[in-house]
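Secondary and tertiary structure notes
The residues making up each chain are set out below.
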Amino acid sequence: MKDIINIDSISSIHKALGLSSPAHPLISVISTRELKKKLQISAGKFSFNLFIISLKEIGTGAFQYGRKSYDYQDSSLIFTAPGQVMQFEEDQNQRKQDGEGWDIFFHPDFIRHSSLARTISEYSFFEYENNEALHVSEKEKKILLDFVTNIANEIDQNIDKHTQELIIINLESILKYSKRFYDRQFYTRSNYNKDYLIKFEKYLKNYFTSNQLVENGLPSVQQCGDALHLSGYYLSDLLKVETGKTAKEHILLYMVEEAKTKLLNSNSSVSEIAYDFGFEYPQHFSKVFKSKTGFSPSEYRNLN
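Residues numbered from 1 in each chain as written. Predicted model: local features only at pLDDT ≥ 70, side-chain atom pairs only at ≥ 80, totals over all residues. Heavy atoms only, no water.

Section: the overall build of the protein chain
The helix and strand tally for the protein chain stands at 15 helices and eight strands. When burial is assessed residue by residue, the protein chain has 46% of its 304 residues classed as buried. Residue pairs at least 24 apart in sequence account for 75% of intrachain contacts in the protein chain once pairs closer than 6 positions are excluded. Element-wise, carbon and sulfur atoms account for 48% of the exposed surface of the protein chain, whose accessible area totals about 16200 Å². (Helix = DSSP H or I, 4+ residues; strand = E, 2+ residues; numbered from the N terminus. Buried < 20%, exposed > 50% of the residue type's maximum accessible area, 1.4 Å probe, protein only. Contact = heavy atoms within 4.5 Å. Areas by Shrake-Rupley, 256 points an atom, 1.4 Å probe, with all protein chains shown as cover.)

Digging into the sheet that holds strand β5 (residues 75-80)
Strands belonging to one sheet form pairs held by backbone hydrogen bonds; the direction of such a pair is parallel or antiparallel. Ordered in space as β2-β7-β4-β5-β8, the five strands form an open sheet in which the pairing is antiparallel. A single partner strand is all that each edge strand has here, and the edge strands are β2 (27-31) and β8 (134-136). Strand-to-strand twist of the sheet, defined as the mean angle between neighbouring strand axes without regard to direction, takes the value 15°. Pairing of strand β4 (residues 51-57) with strand β7 (residues 102-106) involves five bridges; the strand directions are antiparallel. Residue pairing across strands places Phe51 opposite Phe106, the latter belonging to β7. On the sheet, helix α6 (residues 138-156) packs against β2, β4, β5, β7 and β8 and is oriented at approximately 130° with respect to β2. (Pairing = 2+ DSSP bridges. Axes fitted to C-alpha atoms, helices over the stretch in contact; angles between N-to-C directions.)

Rendered as C-alpha cells:
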C-alpha cells in the first residue's frame with residue numbers, strides 16, 4: 001500500500017504535473033490543453049492542502065464521475081476542500097485529455113484575510129463526493145469560463161495591490177454561480193431526489209426503533225448520508241431544496257414527534273424519555289423539544 005502523498009503548495013502541484021514554476025505562489029489556473037503532453041502525476045493517493053475547482057469533460061482527466069441520464073451532458077465541475085484525498089489510477093493517467101477543461105488551485109492563505117475566508121464554508125459543495133459533481137451545460141460552462149479567464153489574466157500580468165482583490169471577486173463569482181447551478185441540478189433531479197427522501201425517512205424509522213438510539217444517541221447527518229451512499233453535506237442540501245429543512249432539522253423533528261408519542265402514551269418520566277433517545281443530559285432533550293414545539297416536555301404532557 002503506497003503512502004498518501006501530501007501536496008501542500010502551488011509549486012508542488014506544478015511539479016507533480018510536470019509544469020513550469022507557477023506565476024503566483026498561492027493560486028494557479030491550469031488548462032487541460034497545458035496538461036495534454038505533460039501529465040506526469042503518478043498513480044496513488046494524494047492529500048491536497050489546497051482548494052481545488054475542476055471542470056472536466058466527460059471521459060477525460062484523471063477522475064471518474066457518477067452520471068445519470070437526466071444530467072446535463074457537457075461537463076462536470078468538482079470542488080475539493082483542503083485535506084481531502086484523491087486517488088489517481090495508472091490507466092487514467094496514461095489517457096489523453098481531449099476535452100477543454102481547467103483547474104483552479106488556491107492555497108487557504110490566499111483568501112485568509114478576505115471576506116471569502118469567512119463565507120467559503122457556506123459553499124458546502126466543497127465537501128461533496130466526486131460522484132455528486134455539478135454537471136454544467138454549455139451555456140453555464142461559458143459563464144464560468146469568463147471568470148476563470150479573468151483569474152488567469154490577473155495571475156499572468158504583473159502582480160500589484162489590486163491583483164488579489166480582483167482574483168477573489170472572480171473566485172466568489174464562480175462559487176455563487178455554482179451554487180445557482182447546483183440548485184438547478186437539484187430541481188431538475190426532483191423525481192430522483194424523492195427516492196432519497198423515502199430512503200431517508202425509512203432509515204430514520206429503522207434507527208429510532210433500534211438499539212442504536214439508546215446506545216449512540218441521535219444519528220448524525222453523516223451517518224444518514226453514509227446509509228444513503230451520499231455525503232452528509234449533499235444529503236442536507238438536497239433535503240433543503242426539496243423540503244425547506246436541512247437533514248439535522250429533519251432528524252430533530254422526527255425525534256420530537258416520537259417524543260410526543262411517548263409523552264402521551266406512557267408513564268415514563270421526562271428524564272427516562274430523554275435517556276431513551278440517547279440524551280446524556282435530560283435538560284438538553286428538554287431544550288431541543290421546546291425549541292421545536294414552544295413547550296417543555298412536561299408542559300406538552302399536561303396540556304394534552
